Amino acid sequence: MHLKEKLENRQARIGVIGLGYVGLPLAVEFARAGFDVTGFDVDESKVSELNAGRSYILDVRSEDVANCVNAGKLRATTEMSKLGEMDAVDICVPTPLRKTKDPDMSYVVSAAEQIARYLHPGMLIVLESTTYPGTTAEVLQPMFEARGLTVGKDFYLAFSPERVDPANEKFNTRNTPKVVGGTTPVCSDVAAALYSAAVDTVVPVSSTQVAEMVKLLENTFRAVNIGLVNEIALMSHRMNIDVWEVIDAAKTKPFGFMPFYPGPGLGGHCIPIDPFYLSWKAKQSGFECRFIELAGHVNGSMPEYVVERISEALNTKKKAINGARIHLFGIAYKKDVSDMRESPALDILQLLHRRGAELSYTDPYVPSLQEGEVCLQSIAEDAVDGIDCAVIATDHKGFNYAAMPGRFPLVVDTRNALKGNAATNIFRL
Ligand SMILES: NC(=O)c1ccc[n+]([C@@H]2O[C@H](COP(=O)([O-])OP(=O)(O)OC[C@H]3O[C@@H](n4cnc5c(N)ncnc54)[C@H](O)[C@@H]3O)[C@@H](O)[C@H]2O)c1
């Protein structure tokens with residue numbers, strides 16, 4: 001039976017490599033669509049959690065994992081040889097940056113090496129990890145064709161960017177349209193058949209390069225617009241204008257404007273990283289991505305600016321950062337998630353530590369942290385006492401924001417969580 005037919009009647013066996021924020025929800029969605037799904041990960045703890053029917057990602061309910069596992073539709077393994085039993089494989093491994101801001105392709109290459117070992121005729125491979133345009137054609141295709149099989153004829157290859165937005169209550173894997181670009185038209189067709197089974201809307205594009213670029217445009221769009229609004233925030237502060245009031249009024253325009261909000265900087269595994277995949281690749285064609293570099297510069301300077309605001313706040317009480325007891329509310333990179341990768345709150349902690357502050361924090365999603373020399377445990381919100389300055393670094397739901405200006409001598413609010421509160425001890429961005 002041809003793979004497309006197997007996909008349409010749910011007889012295809014699906015493998016998902018990398019069971020993290022992207023791979024786990026995807027594996028569950030395929031299993032819920034009726035496929036037989038095997039998740040592959042090098043992390044044994046994730047594999048045993050999944051096999052025990054437990055979710056370790058906030059957006060995925062343990063009940064859904066358990067239902068799929070108990071129905072025999074979902075399992076996980078560290079045993080890569082099982083890839084040989086798969087009809088279709090999705091690659092969802094990390095794509096971080098090296099210290100030099102060059103792409104670190106080692107995870108993708110290692111996953112592709114494993115697939116190449118077990119590649120067989122009729123197999124579909126889809127790369128989902130965010131990466132520079134050309135990765136699928138220049139890195140993956142030669143690795144697979146070196147096995148003597150021809151793409152579009154003997155096996156199928158495609159790129160389909162993941163668009164998961166952690167903690168988004170409205171959009172999830174199923175109802176977020178999925179862009180798919182194949183190496184050949186047949187590859188696109190087969191990959192579209194895979195996703196049509198589990199995702200409401202599939203958006204085919206003409207090539208893997210276009211699909212790769214779509215994701216980078218989306219994330220660069222966010223990085224640049226956040227950079228712009230952060231610069232407007234710095235400018236407004238200098239001009240004594242409330243940037244939050246400006247944005248609230250500007251967003252009443254029903255066309256041609258989309259609100260972005262200032263903050264302490266970019267975080268997570270996507271927005272601070274992915275645009276640099278694009279600028280790295282563009283440089284190889286002699287093209288300099290000025291917007292990306294500039295946005296990176298402005299966004300990267302925001303933790304320093306927050307520390308400046310903390311310093312200004314303490315100054316009103318004739319205090320220095322050195323020796324001050326400073327407490328951060330929220331460490332995760334955005335509200336209501338536990339992910340603290342690239343979180344600007346960690347940069348703020350480091351900067352304050354170097355200046356001699358005594359630090360503590362509260363984050364219900366992050367029980368403890370180790371960042372350089374800073375090693376802390378989250379303390380309950382009610383137990384926070386005797387501090388000189390509270391810093392709202394992440395606006396998780398559930399913090400008692402209204403009480404903060406009364407409880408603490410100074411509050412630095414980087415997220416406008418205290419919107420409308422006129423207390424004079426609040427320092428906004
Ligand atoms: N997190 C997001 O919100 C998000 C959104 C869209 C796209 N993405 C992209 O998706 C990709 C994955 O991101 P993530 O956040 O899910 O990462 P993650 O770190 O949460 O998960 C990746 C998983 O891959 C596993 N892994 C690493 N190397 C492996 C290998 N060789 N074989 C098997 N497993 C391996 C890791 O153990 C980990 O469990 C990245 O390219 C990222 O940019 C992430």
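My aim in this report is to walk through the structure given alongside it, one point at a time. (Residues numbered from 1 in each chain as written. Predicted model: local features only at pLDDT ≥ 70, side-chain atom pairs only at ≥ 80, totals over all residues. Heavy atoms only, no water.)

**A look at the packing of aromatic side chains**
So, step 1. Applying the stated criterion to the full structure yields nine aromatic pairs.
So, step 2. Measuring from centroid to centroid gives 6.0 Å for Phe30 and Tyr195, while their planes differ by 35°, and the two rings are tilted. Of this pair, Phe30 sits in helix H2 (residues 23-32) while Tyr195 sits in helix H7 (residues 185-196); the two residues are 165 residues apart in sequence, bridging distant segments of the chain.
So, step 3. Looking at Phe30, the relative accessible area reads 1%, which means it is buried.
So, step 4. Taking relative accessible area as the criterion, Tyr195 reaches 0% and is therefore assigned buried.
So, step 5. Taking 5.9 Å as the distance between ring centres and 90° as the angle between the ring planes, the aromatic pair formed by Phe399 and Tyr401 counts as edge-to-face. There is no split in this pair, since Phe399 and Tyr401 are both buried. (Phe/Tyr/Trp six-rings, centres within 6.5 Å; stacked < 30°, edge-to-face > 60°. Helix = DSSP H or I, 4+ residues; strand = E, 2+ residues; numbered from the N terminus. Buried < 20%, exposed > 50% of the residue type's maximum accessible area, 1.4 Å probe, protein only.)

**So, the side chain of Ser188**
So, step 1. If you trace the backbone, Ser188 turns up in helix H7.
So, step 2. Once residues within four sequence positions are removed from consideration, Ser188 is found in contact with Val180, Gly181, Gly182 and Val205. (Contact = heavy atoms within 4.5 Å.)

**Here's the deal with the site of the ligand**
So, step 1. For the ligand, the set of nearby residues contains 28 residues, the closest of which are Val22, Asp41, Lys46, Thr95 and Arg341.
So, step 2. Here Thr95 contributes a side-chain N or O atom positioned 2.5 Å from an oxygen atom of the ligand.
So, step 3. Contact with the protein chains covers 92% of the free accessible surface of the ligand, which is 820 Å².
So, step 4. Among the elements that line the shell around the ligand, the one with the most residues is helix H5 (residues 106-118), at three residues.
So, step 5. Considered class by class, the residues forming the shell around the ligand number 15 nonpolar, seven polar and six charged. (Near = heavy atom within 4 Å. Polar contact = N/O pair within 3.5 Å; in protein donor to acceptor, adjacent residues only side chain to side chain. Areas by Shrake-Rupley, 256 points an atom, 1.4 Å probe, with all protein chains shown as cover. Nonpolar A, V, L, I, M, F, W, Y, C, P; charged D, E, K, R; others polar.)

**Looking at the pattern of salt bridges**
So, step 1. Within the structure shown, the criterion is met by 29 salt bridges.
So, step 2. Among the salt bridges present, the one from Arg163 reaches Glu218, with a minimum N-O distance of 2.5 Å. Of this pair, Arg163 sits in the loop between strand S6 (156-159) and strand S7 (178-182) while Glu218 sits in helix H8 (residues 208-238), and the two are 55 residues apart along the sequence.
So, step 3. Judged by its relative accessible area of 24%, Glu218 is partly exposed.
So, step 4. Of the charged contacts, one joins Lys397 and Asp336 as a salt bridge, the two residues approaching to 3.5 Å between their closest N and O atoms. In this pair, Lys397 sits in the loop between strand S13 (389-392) and helix H14 (404-407) while Asp336 sits in the loop between strand S9 (325-329) and helix H13 (344-354), placing the two residues 61 residues apart along the sequence.
So, step 5. We classify Lys397 as exposed; its relative accessible area is 53%.
So, step 6. On the basis of relative accessible area, Asp336 is assigned to the buried category, the value being 14%.
So, step 7. Among the charged side chains, a salt-bridge network with shared partners connects Glu29, Arg32, Arg61, Glu63, Asp64, Arg174 and Asp200. (Salt bridge = Lys/Arg side-chain N within 4 Å of Asp/Glu carboxyl O.)

**A closer look at helix H4 (residues 62-70)**
Structurally, the α-helix is built with 3.6 residues per turn, so residues lying three or four positions apart point the same way.
So, step 1. Buried within H4 are the following residues: Asp64, Val65, Ala66, Cys68 and Val69.
So, step 2. Among the structural elements, H2, helix H3 (44-51) and strand S3 (74-77) are those in contact with the buried residues of H4.
So, step 3. Once H4 ends, the next one or two residues include Gly72, with phi positive near 75°.

**Examining the environment of Val224**
So, step 1. Tracing the chain through its elements places Val224 in helix H8.
So, step 2. A sequence separation of 72 residues divides Val224 from Gly296, and the C-alpha atoms of the two residues are 8.0 Å apart.
So, step 3. Apart from residues no more than four positions distant in its own chain, Val224 is found in contact with Phe291 and Ala295.

**A word on the pairing of S9**
So, step 1. The buried fraction of S9 amounts to four of the five residues, a majority that puts the element mostly inside the structure.
So, step 2. Where S9 lies against strand S10 (residues 358-362), five bridges are found, and the strand directions are parallel. Looking at S10, one finds that Arg325 is bridged to Glu358.
So, step 3. Once the chain exits S9 it traverses H13 before rejoining the sheet at S10, and the crossover so formed is right-handed. (Pairing = 2+ DSSP bridges. Right-handed = clockwise from strand over helix to strand, strands pointing away.)

**So, the sheet that holds S7**
So, step 1. Taking strand neighbours across the sheet as the criterion, the eight strands line up as S3-S2-S1-S4-S5-S6-S7-S8 in an open arrangement whose pairing is mixed. Both outer strands of the open sheet, S3 and strand S8 (202-205), are each paired with one neighbouring strand and no more. Within this sheet the neighbouring strands show an average axis-to-axis angle of 25°, counted without direction.
So, step 2. Here four bridges tie strand S1 (residues 13-17) to strand S4 (residues 88-91), and the two strands are oriented parallel to one another. Paired with Gly15 across the strands is Val89, a residue of S4. (Axes fitted to C-alpha atoms, helices over the stretch in contact; angles between N-to-C directions.)

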